[in-house]
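In case you want the letters, here they are:
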Amino acid sequence: MSRPIGTVLIANRGEIALRVARSCREMGVRSVAVYSTADRDSAVVRYADEAVHIGPAPARRSYLYVPNIVEAALRTGADAVHPGYGFLSEDPDFAQVCAENGLAFIGPRPDVMECVGDKARVRALMGAAGLPLLPGSDGSVPTLAAAEEVAAEIGYPVIVKAAAGGGGRGIEVARDRADLQEVFRRTTALARQVFGIGDVYLEKFVPAARHVEVQLLCDEHGAAVHLGERDCSLQRRNQKLVEESPSPGLAGDLRDALGEYALTGARAVGYTGAGTMEFLVDTSGALTFMEINGRIQVEHPVTEMMTGIDLVKEQIRVAAGEPLGYRQDDVRPHGAALECRVNAEDPAAGFRPTPGRLEVFRPPGGPGVRVDSGFAQGDSVPPNYDSLIAKLVTWAPTRDEAIERALRGLAEFAVRGPGVATTIPLLQRLLTHPVFVRGEHTTRFVDALMAGPRPAEEQER
């Protein structure tokens, strides 16, 4: 049964808030932006049909403060809330509060979100559903002694992960038993501080692998499709820098297996909406399940460029109770697409954030180029939030052409302001590096490159 959605409150900021507002406008749906004091002059405030101030700059008093967000939704007559990514997007309590106030949460049901948010629990569920897993603990490990026992059984190095983690945080590698003691202490402390839950679990650490995720769409009527995969292996300390589709060098049978595993996993937890199933693919081609992300991803435009499907519109339709309008055979990704994250950071200074006024901000254009940003020339990048300025996304018939378009776009992208540095030079370096051009990079490549000595992938040549 459909539930008409006439107004969507966007419980987020920056480029994703503007992205959602644009899809709402194309659908004839009113958009309501919320903003902190630091974002009062932001692009989405200027664009949305209505905007509501929800608090001061600190996120805990604005974008993370549920009472003010729900009050803004009710006061403006919103039918639904779109959480974007980050902030409250994977908070089952927020989804439950929305439901209790008659607001459709544009995402999975609260119980499903709670399930997929517990990475130790969902790991066990995926194993029961037949997905391949890395050797590791059966659920969370409550004590250091328990962690040492698991590590001794599966062998070092091991990776310690926060069960409620996300965004690349709460993940650390222990090389031996002595190392595990400190890693366990740090990870549990960080998990408790950042996520409110100190539970952690262990997996065997794979030093060189591809990070590949599969985009999913599932409705309330039992239909589910995958929209192909994205390769997210160019990352620094678990923070993604470049994403692309299709994943280079992935054999056809392995690509098919990823899609089938993703659908199996989604059905096993009763998933609805847009989400991703994340996998590791090691250098031998063996794949293992990592986690489920129950939200729209930063890199979703890559899939949109490959398929022509607007994922935000699909999220809204699913939240309204509508069935998917297509089957798996109707989804036909074609060509190649890349996304480069342009952040206000200085890679030479340990990726230190560089907030400030954008005195010059001229995004690129031309064939096959898309730029998603929440800024315009003259705006200021505040110091209070994530440093993402824009996402440069390119599409072309082949991977080489998509890379060339990305390099052209990066060369055209003009961003200047007092004290403002960006990741553009690093992105240019990565996209021209022989290892990336050959499609042979793994998740360890960027960190090894930044550390100075040549990465192992280069030394082997």
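As a starting point, this report considers the structure included with it. Everything numeric here is computed off the predicted structure, so don't read it as measured data.

What follows deals with the side chain of arginine 236. Here arginine 236 lies in strand 10 (residues 224-236). As a buried residue without a salt bridge, arginine 236 has its nearest oppositely charged side chain in aspartate 447, at a separation of 5.0 Å. Once residues within four sequence positions are removed from consideration, arginine 236 is found in contact with Leu241, Gly350, Phe351, Val446 and Asp447.

The step from tyrosine 156 to proline 157 runs through a cis peptide bond, and the omega angle for that step is 0 degrees. In this structure, proline 157 sits in the loop between helix 7 (144-154) and strand 6 (158-166). For the bond running from serine 245 to proline 246, omega is -5 degrees, close enough to zero to count as cis. Following the sequence through the fold, proline 246 ends up in the loop between strand 11 (239-245) and helix 9 (252-268). In this model, arginine 237 sits at a positive phi of 50 degrees, which is unusual for a non-glycine residue. Here arginine 237 lies in the loop between strand 10 and strand 11. The backbone of asparagine 238 sits at a positive phi, close to 70 degrees, despite the residue not being glycine. Among the secondary structure elements, asparagine 238 is positioned in the loop between strand 10 and strand 11.

Cut-off values and rules
Residues numbered from 1 in each chain as written. Predicted model: local features only at pLDDT ≥ 70, side-chain atom pairs only at ≥ 80, totals over all residues. Heavy atoms only, no water. Helix = DSSP H or I, 4+ residues; strand = E, 2+ residues; numbered from the N terminus. Buried < 20%, exposed > 50% of the residue type's maximum accessible area, 1.4 Å probe, protein only. Lys, Arg positive; Asp, Glu negative; His and termini not counted. Salt bridge = Lys/Arg side-chain N within 4 Å of Asp/Glu carboxyl O. Contact = heavy atoms within 4.5 Å.

Everything listed here is a matter of coordinates, which is why it stays silent on function.
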